[in-house]
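Structural description and commentary
Each chain is listed here by its residues.
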Amino acid sequence: RFNLAKEYRLVYAGIILPGNISEEYLKKIKELNTIVINSSDPAKQQDIFTQVINYSCHFSVRNEALEDFGYKPNAKLSFAAGTNSNIVLSRDQSNIELLDQSYPYYTDSDMNNVIKTVDYYRSTYGSKIWNNALDMMREVRERTSIERICKDFLQYLERC
């Protein structure tokens, strides 16, 4: 659960790239010095985790125009929390439930806003804002852990 990043490093990690990410958008993301690590090969998926612990922040921005934007659990948020990283992400309901409104690195899919948020992330790296955000991510890690989920599920079953 430790993060090995010693400097600002941004990563998009996933099994596959979502269909809503165009080549032009992906090119702009890469221009922000974002590394894209993805693989649909199950043998290589475990390797993704070993690579991302070298990045200080993850990237997960959804298109607000999509039907499922309002509430879709964000695995990348839990993945970032599990690697003790912050994340630049969309302000959708599932993220707000885990992080609340005050998380400092929310954005939307407009590339100008993404750039502003990434610049803000870069400028606050290592600051009190950054560390407070990591504390929020630590809470997400605890709330999304297998142990916590199993415990909550077992308590639910006991009440039934």
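This one's a predicted model, so the numbers in the text were calculated from it and none came from an experiment.

**Let's talk about the overall build of the protein**
When its secondary structure is counted, the protein shows seven helices and five strands. In the protein, the succession of helices and strands from N to C terminus is β-α-β-α-β-α-β-α-β-α-α-α. Counting over 160 residues, the protein shows a buried share of 41%. Contacts in the protein between residues at least 24 apart in sequence constitute 65% of all its contacts with a sequence separation of at least 6. As displayed, the protein has an accessible area near 9300 Å², and 52% of this comes from carbon and sulfur atoms.

**Considerations on helix α3 (residues 75–82)**
Inspection of α3 places Lys76, Leu77, Ala80, Ala81 and Gly82 among the buried residues, and these make up the whole buried set. Of the residues trailing α3, Asn84 is marked for its positive phi of about 55 degrees.

**Digging into the pattern of salt bridges**
Under the criterion given, the structure shown has two salt bridges. Across the pair Arg122 and Asp119 runs a salt bridge whose closest N-O atoms are separated by 3.2 Å. Placement of the pair is Arg122 and Asp119 together in helix α5 (residues 111–124), with a separation of three residues, close to one helical turn. Residue Arg138 pairs with Asp135 through a salt bridge whose shortest N-O separation is 2.4 Å. Note that Arg138 and Asp135 are positioned in helix α6 (residues 128–143) at a spacing of three residues, about one turn of the helix.

**A closer look at the pairing of strand β4 (residues 86–90)**
With respect to burial, β4 is a largely interior element, five of its five residues being buried. Pairing of strand β3 (residues 57–60) with β4, which is carried by four bridges, proceeds in the parallel orientation. Bridging from a neighbouring strand, Ser60 pairs with Leu89 of β4. Each parallel crossover has a hand, and for β4 linked through helix α4 (residues 93–99) to strand β5 (residues 106–107) it is right-handed.

**Let's talk about the nonpolar core**
In terms of nonpolar packing, the biggest core is built from 30 residues, with Phe59, Val88, Leu99, Tyr103, Val114 and Met137 touching the most fellow members. Of all elements in the fold, only β1 (10–14), α1 (23–31), β3, α3, β4, α4, α5 and α6 reach the threshold of two or more residues within this core. Ignoring any residue separated from it by four or fewer positions in sequence, one finds Val114 in contact with Tyr25, Leu32, Phe59, Val61, Thr107, Asp108 and Ser109. Counting six residues, the second-largest nonpolar core is a separate cluster that includes Ala13, Ile37, Val52 and Tyr55.

**Looking at the packing of aromatic side chains**
Under the defined criterion, the tally for this structure stands at eight aromatic pairs. Seen from their ring centres, Tyr121 and Tyr125 are 6.5 Å apart, and the 75 degrees between their planes marks the pair as edge-to-face.

**Focus on the environment of Glu97**
Structurally, Glu97 can be placed in helix α4. Accessibility expressed as a relative area gives 42% for Glu97, which makes it partly exposed.

**A look at α1**
Burial in α1 covers these residues: Tyr25, Leu26 and Ile29. The buried side chains of α1 occupy one side of the element, clustering within an arc of 100 degrees when seen end-on. Projecting away from the buried face of α1 at angles above 90 degrees are the exposed residues Glu23, Glu24, Lys27 and Glu31. Asn33 sits one or two residues past α1 and shows a positive phi near 60 degrees.

So, how was this worked out
- Residues numbered from 1 in each chain as written.
- Predicted model: local features only at pLDDT ≥ 70, side-chain atom pairs only at ≥ 80, totals over all residues.
- Heavy atoms only, no water.
- Helix = DSSP H or I, 4+ residues; strand = E, 2+ residues; numbered from the N terminus.
- Buried < 20%, exposed > 50% of the residue type's maximum accessible area, 1.4 Å probe, protein only.
- Contact = heavy atoms within 4.5 Å.
- Areas by Shrake-Rupley, 256 points an atom, 1.4 Å probe, with all protein chains shown as cover.
- Salt bridge = Lys/Arg side-chain N within 4 Å of Asp/Glu carboxyl O.
- Pairing = 2+ DSSP bridges.
- Right-handed = clockwise from strand over helix to strand, strands pointing away.
- Core = buried A, V, L, I, M, F, W, Y, C linked by side-chain atoms within 4.5 Å.
- Phe/Tyr/Trp six-rings, centres within 6.5 Å; stacked < 30°, edge-to-face > 60°.
- Arc of directions from axis to C-beta.

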